[in-house]
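What follows is each chain in one-letter form.
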Amino acid sequence: MYSNELNPEQSAIAGHTKGAILVLAPVGTGKTRVLAERVLRAIDRGISPQKILCLTFTNRAAKEMSARLSQYCPDQVRHLTIKTFHGLCASLLRVEARQFGLATDFAIYDDADCIELVKEVFDLADDREAQKLFTELTKCKTQASNRQLSLDYPLEELYALLGKDLAKSAARYQIILQKRHALDFADLVFYVRAMLEREPVISQRWADRFDFVQVDEVQDTHLSEYGIVKHFAAKSGNLAMIGDLDQTIYEWRGSEPEQVIAQFKQDFKPTEYSLTWNYRATQTLLNAASGFADSFEHRQTTISPSPNCELGELIEVHLAEDERAEAEWIGTQIRKLAGDRKDFSYSRVAVLARNHKRTEVVSQALQRMEIPCVTVEKFQFFMRQEVKDALAYLRLVLNPFDVGSMRRMLLRPSRGIGEVTIKAVVESGKDCGFSLTDMASSRTFIDGDPFSELLKAYSEHTIIVFDVETTGFSVSQDEVVEIAAIRLVAGQAQAEFHAYIANTVGVGDSERIHGHSDRFLSENGRPAKDVFHEFFAFVGDAMLVGHNVSFDIKMVTAQAQKTGITPPKLKWEDTLELAHRFIKSERYSLEALSEQLKLVNLPTHKAMDDVRTTIELLAVLIPLVSRKADYRQALVYRYGEEFEGLAKQMDDWRDASQASRPVELLYKLIMESELYSYYRGQKNREQNLVELVSFFKKHDDLNLHPDTSLRNLLELTVLAKTLDQVAQNDNQVPIVTVHQSKGLEFDSVFIAGVTEGEFPNYFSVRDNKLEEEKRLFYVAMTRAKQRLFISAYSKDSRDYSKSPSEFINEIPLDLITEKPENKYLN
Ligand SMILES: Nc1ncnc2c1ncn2[C@@H]1O[C@H](COP(=O)(O)OP(=O)(O)OP(=O)(O)O)[C@@H](O)[C@H]1O
């Protein structure tokens, strides 16, 4: 089953599948290839594919690894876990959210969403400033000490490094995210660390989840990520960390490779390996990269051309008069490379730049010259205004608490609801437990208070407090195995319902949460259809209440449908949401709240016990909710009218989300909301919406329930990094930043804007980050297989004179073509 393409050094690493290994090897020596091979060997050695975890830096790298492995072991690939750090953390949190007190339906905010929120909370107008502050917030979370890794830890202290005033606002940022049931990328890692550190039961559950773990691009990881990896590998000891310290380019974002490697060595005593031969580039290019790397203060590796390596052509360096002339020179060179060849592959050529402005200038020139190219903008498809607008609708459908998405949705098309109204609703709502998103729900408009039905049902009618246990957290694949419920009439317990369900899906890891084995359930469970019939009869038309139950409601409805029952339209309320609005606490799990409120019935994860705790919690909440009812009604009376139509539509879309495929829902949304009409006539934007519909069609997993598939699709749009979309099959020249080119290779590479102040970046030099700039230039140089072109401009757009970057002088002169322009370079 092996691929048989490895040299002896590579083979030795691939064959070392037991214990810990550290591979620090130079660029282009086949590290990625070796990682794929190790998986094959591990499977061959008897390690179950389910127990193999490969962590990659981008989804693209994960995809490439899967594609490569599926050539050799197609049946096993789908059982492997090949993910990015964020992808892994997200799936782990989906499983454990409830145990940990996070909303089970949490959404993930991308950096742009977060920066919007930072601007709002810190009252900033400038994007750059907000971005800087956001990076600082992120650092506080990634660098949190073990002591700080707790949901109880005071937020202001977590952000203490920012200074008192900023820390206060940072805490508010965090609380708003929680209220919106949203996590940012740093939260994904923070919460997983906190769970593994603080929750022994959860920690134990994951300690033996994997038997074989590999981490690629170790140079760009930080200690917080290493902590997670260590947890997964501690039991088996089978951990491989692979990377190249000379390619460290994310220290500005908090990566700390030296510390990670030192800690890894101390914890696992790994066998250390390196690799010698570079298979990527020609001798000339390798010597040039090597010569440049000699200028590093601490060079870590040496490069050796592989046997049979061609000499290759010299590097071409060009100094253009100005920015436009530089970009046109690049275009002319690409034309020369293409020559008359009809089959010329433009995607094998890339233009790399230090910043986005340069990619823009070059792409405009190439477009003028009719050279097929694809820009960073295009790669940032999911960040485009119209695409984000459409996604905001979907996100609000899925997560009714996402105020950020609602605010975005209200912008386009205009519904006559202005910023003044929105601010007024948000501000007045703060004191009475009213959220802007309540305006997007019809129940708010029955008599002006989103909670009036709950209050009435509690004091005069019937409420069913319930809890369910399930085999897992996929609406499509998992099953309910236990339902417990108590009927309250006028607030008093009147009758109980309890049943186990005979499962057809194995309980797996969920047994450790609810304690019911497959055997127990086969002996005590009854057919799902009978149980659901009885449960719905018990509920009648009463309102359901539970703690953190948005997921459970979907589970019950979906499974009932699967058994052939048409479930009634369930009305429900969540004590997690009520607690968020009416109780001040650091944690909102049933455990934490029952402790804080000194409840008598403590939760045990047995369904009926948890129901009793929830009833007690509800009894505490009801007076708090009731006290502010008048304020909420006044608010809705004053501002509600403008929202009413939208609320009706939203209810309809939410219903549709449970029955229609995500692509149908998206189509319905952009048509009925008139978002599509709004963008009609703006050619690119209209086209992007059409493309988004195609994307949803292509990536919809028809085996999944529409709700699960929609959630996965939305997660894909957030976690897909720009890098992932640098596809190489489009026959267009990719014009990307060097950071985005990480891990890629091209036949010919142009490095543009190699001008003092731009590359190295002025601010990095000012902040003593010249070494990282050098490594970045080294990464750029080493993306080329055959030809390398380096260009600079001598006048910028404001007509200021500029000199070529000092980096050019670090490349051995004999490897550069004799150009008259060279006189400028010395
Ligand atoms: N044994 C080999 N024989 C021939 N070609 C090889 C061999 N090993 C790797 N290669 C080729 O060398 C190139 C670099 O390999 P790969 O991308 O795995 O290296 P890497 O060390 O991960 O690179 P980087 O440091 O840039 O991430 C690829 O084109 C790969 O196909």
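All values derive from a computational prediction rather than experimental measurement.

Engineer: In this structure, what is going on with the side chain of arginine 632? I would like to understand it.
Structural biologist: Mapped onto the elements, arginine 632 comes out in helix α30 (residues 629-639). Here cysteine 432 takes part through its backbone oxygen, which lies 2.9 Å from a polar atom of the side chain of arginine 632. With residues near it in sequence (within four places) discarded, arginine 632 still touches Cys432, Gly433, Phe434, Gly448, Asp449, Pro450, Phe451, Leu455, Phe582 and Val625.

Engineer: For this particular structure, what's the right way to read the site of the ligand?
Structural biologist: In the region of the ligand, 15 residues are neighbours, and Lys31, Thr32, Gln247, Arg280 and Glu745 sit closest. Within the side chain of glutamine 10, a nitrogen or oxygen atom sits 2.9 Å from a nitrogen atom of the ligand. Taking 630 Å² as the accessible area of the ligand by itself, protein coverage stands at 82%. Here the shell around the ligand gets 3 residues from one element, more than from any other, and that element is helix α2 (residues 31-44).

Engineer: Before we go on, may I ask you to explain the sheet that holds strand β1 (residues 21-24) in this structure?
Structural biologist: Two modes of strand pairing occur in sheets, parallel and antiparallel, and in both the strands are linked by backbone hydrogen bonds. Pairing is parallel in the open sheet, where 6 strands are placed in the order β3-β2-β6-β7-β1-β8. Strands with a single pairing partner mark the edges of an open sheet, and in this sheet they are β3 (81-84) and β8 (271-273). Here the strands of the sheet are splayed against their neighbours by 15° on average, with no regard to which way each runs. Across the sheet, helix α3 (residues 59-72) lies against β2 (52-56) and β3, angled at about 160° from β3, the strand it touches most.

Engineer: So what exactly am I meant to see when it comes to the packing of helix α18 (residues 385-398) against helix α34 (residues 683-699) here?
Structural biologist: For any two helices packed against each other, one specifies the inter-axial angle together with the distance between the axes. Between α18 and α34, the shortest axis-to-axis distance is 8 Å and the interhelical angle comes to 45°. Between α18 and α34, the crossing angle belongs to the class labelled oblique. Where α18 crosses over α34, the two elements pack in a sense that is right-handed. Facing Gln385, Glu386, Val387, Ala390, Leu391 and Leu394 of α18, the residues of α34 in contact are Asn684, Arg685, Asn688, Leu689, Leu692 and Phe696. Partitioning the contact of α18 with α34 into residue classes produces 7 nonpolar, 3 polar and 2 charged.

Engineer: For this particular structure, what's the right way to read the pattern of salt bridges?
Structural biologist: Two side chains that carry opposite charge are able to pair once their charged atoms sit near each other. For the structure on display, the rule yields 56 salt bridges. We note a salt bridge from arginine 787 to glutamate 316, for which the minimum N-O separation is 3.4 Å. Here arginine 787 is found in strand β21 (residues 784-793), whereas its partner glutamate 316 is found in strand β11 (residues 316-320), with 471 residues between them in sequence. An identical accessibility class is assigned to arginine 787 and glutamate 316; each is buried. Here arginine 519 and glutamate 523 are joined by a salt bridge, their closest N and O atoms 3.3 Å apart.

Engineer: Looking at this structure, I do not really get the environment of leucine 436. What am I missing?
Structural biologist: On the secondary structure map, leucine 436 appears in the loop between α20 (419-430) and α21 (444-447). The residues contacting leucine 436, other than those within four sequence positions of it, are Val403, Met406, Arg407, Ile422, Val425, Val426 and Phe643.

Engineer: Would you mind showing me how to read empty space enclosed by the protein here?
Structural biologist: For the coordinates displayed, the defined rule picks out 6 cavities of 30 Å³ or more. The space that makes up the largest cavity amounts to roughly 220 Å³. As for the largest cavity, its lining consists of 18 residues, of which Arg94, Phe106, Ala107, Leu398 and Arg711 are closest to the centre. Elements with a contribution of two residues or more to the lining of the largest cavity: β4 (107-108), α18, α26 (550-562) and α35 (706-719). Broken down by element, the lining of the largest cavity gets its largest block of residues, 6 residues, from α35. By residue class, the composition of the lining of the largest cavity is 7 nonpolar, 4 polar and 7 charged.

Engineer: Got a minute to help me understand the sheet that holds strand β17 (residues 543-546) in this structure?
Structural biologist: In spatial order, the strands read β16-β15-β14-β17-β18; together these 5 strands make up an open sheet with mixed pairing. The outermost strands of the open sheet, each flanked by one partner alone, are β16 (492-500) and β18 (572-574). Each strand of the sheet is rotated relative to its neighbour by a mean of 25°, with strand direction disregarded. With 9 bridges connecting them, strand β14 (residues 462-470) and strand β15 (residues 480-489) associate as antiparallel partners.

Engineer: I'm lost on the nonpolar core in this one. Help?
Structural biologist: Most often, soluble globular proteins have nonpolar side chains that are buried together. The biggest cluster of nonpolar side chains holds 72 residues, and the ones touching the most others in it are Leu93, Val118, Tyr173, Leu188, Phe232, Leu239 and Met241. The dominant element in this core, judged by the number of residues it contributes, is helix α10 (residues 185-198), at 9 residues. One finds Leu394, Ala647, Trp653 and Leu669 within the second-largest nonpolar core, a separate group that totals 50 residues.

Engineer: Would you mind showing me how to read the pairing of β16 here?
Structural biologist: A regular strand carries its side chains on alternate faces of the sheet. Pairing of β15 with β16 involves 8 bridges; the strand directions are antiparallel. When the bridges of β16 are listed, alanine 484 appears paired with histidine 498. Between β15 and the antiparallel strand that follows it, β16, lie 2 residues; alanine 490 among them carries a positive phi value of about 50°.

Engineer: Is there a simple way to think about the packing of aromatic side chains in this case?
Structural biologist: Both the distance between ring centres and the angle between the ring planes are used here to describe each pair of aromatic rings. This structure, assessed with the given rule, holds 30 aromatic pairs. When the ring of phenylalanine 381 is compared with that of phenylalanine 382, the centres are 5.3 Å apart and the planes differ by 75°; the resulting orientation is edge-to-face. An identical accessibility class is assigned to phenylalanine 381 and phenylalanine 382; each is buried. Note on phenylalanine 535 and phenylalanine 536: the rings are 6.0 Å apart at their centroids and 45° apart in plane angle, and the pair reads as tilted. Comparing phenylalanine 535 with phenylalanine 536, the two get one shared label, buried.

Quick notes on the rules
- Once a new chain begins, its residue numbering starts again from 1 and follows that chain's sequence as written.
- Residue-level local features of this predicted model are given only where pLDDT is at least 70; pairs of side-chain atoms are given and counted only at 80 or more, and the full residue set underlies all totals for whole chains, interfaces and linings.
- To get the side-chain values, all heavy atoms of the structure are used, and hydrogens and water are removed first.
- By definition, any uninterrupted DSSP run of H or I lasting at least four residues is a helix, any uninterrupted run of E lasting at least two residues is a strand, and each is numbered from the N terminus.
- Polar contacts, as counted here, are pairs of nitrogen or oxygen atoms within 3.5 Å of one another; within protein the pair requires one atom able to donate a hydrogen and one able to accept it, and residues that are adjacent in sequence qualify only if both atoms are side-chain atoms.
- Two residues form a contact once any of their heavy atoms are found within 4.5 Å.
- It suffices for a single heavy atom of a residue to lie within 4 Å of a molecule or strand for the residue to be listed as near it.
- Note on areas: these come from Shrake-Rupley sampling with a 1.4 Å probe, and a residue is covered only by the protein chains present in the view.
- Strand pairing requires that DSSP identify at least two bridges connecting the strands.
- Between N-to-C directions, angles cover 0 to 180 degrees, with each direction set by a line fitted to C-alpha atoms, over the stretch in contact for helices.
- Each angle gets one of four labels, with under 35 degrees taken as roughly parallel, over 145 as roughly antiparallel, 65 to 115 as roughly perpendicular, and the rest as oblique.
- Should the near helix be turned anticlockwise from the far one by less than a right angle, the crossing is termed left-handed; should it be turned clockwise, right-handed.
- Side-chain classes are defined by residue name, with Ala, Val, Leu, Ile, Met, Phe, Trp, Tyr, Cys and Pro counting as nonpolar, Asp, Glu, Lys and Arg as charged, and the others, Gly among them, as polar.
- We count a salt bridge whenever a side-chain nitrogen from Lys or Arg sits within 4 Å of a carboxyl oxygen from Asp or Glu.
- With a 1.4 Å probe rolled over the protein chains alone, any residue whose accessible area is under 20% of its type maximum counts as buried; one over 50% counts as exposed, and the rest are partly exposed.
- Only protein atoms enter the 1 Å grid used here. Points where a 1.4 Å probe fits but cannot escape make up a cavity, open sets with protein on both sides within 12 Å along at least five of seven lines make up a pocket, and a residue lines them when an atom lies within 4 Å of a point.
- Grid points are joined across faces, edges and corners, and a volume is the space filled by probe spheres set on the points.
- Take the buried Ala, Val, Leu, Ile, Met, Phe, Trp, Tyr and Cys residues and link them wherever side-chain atoms come within 4.5 Å; each set so joined is a nonpolar core.
- Only Phe, Tyr and Trp rings are paired, with Trp represented by its six-membered ring, and only when their centres lie within 6.5 Å; those with planes under 30 degrees apart are stacked, over 60 edge-to-face, the remainder tilted.

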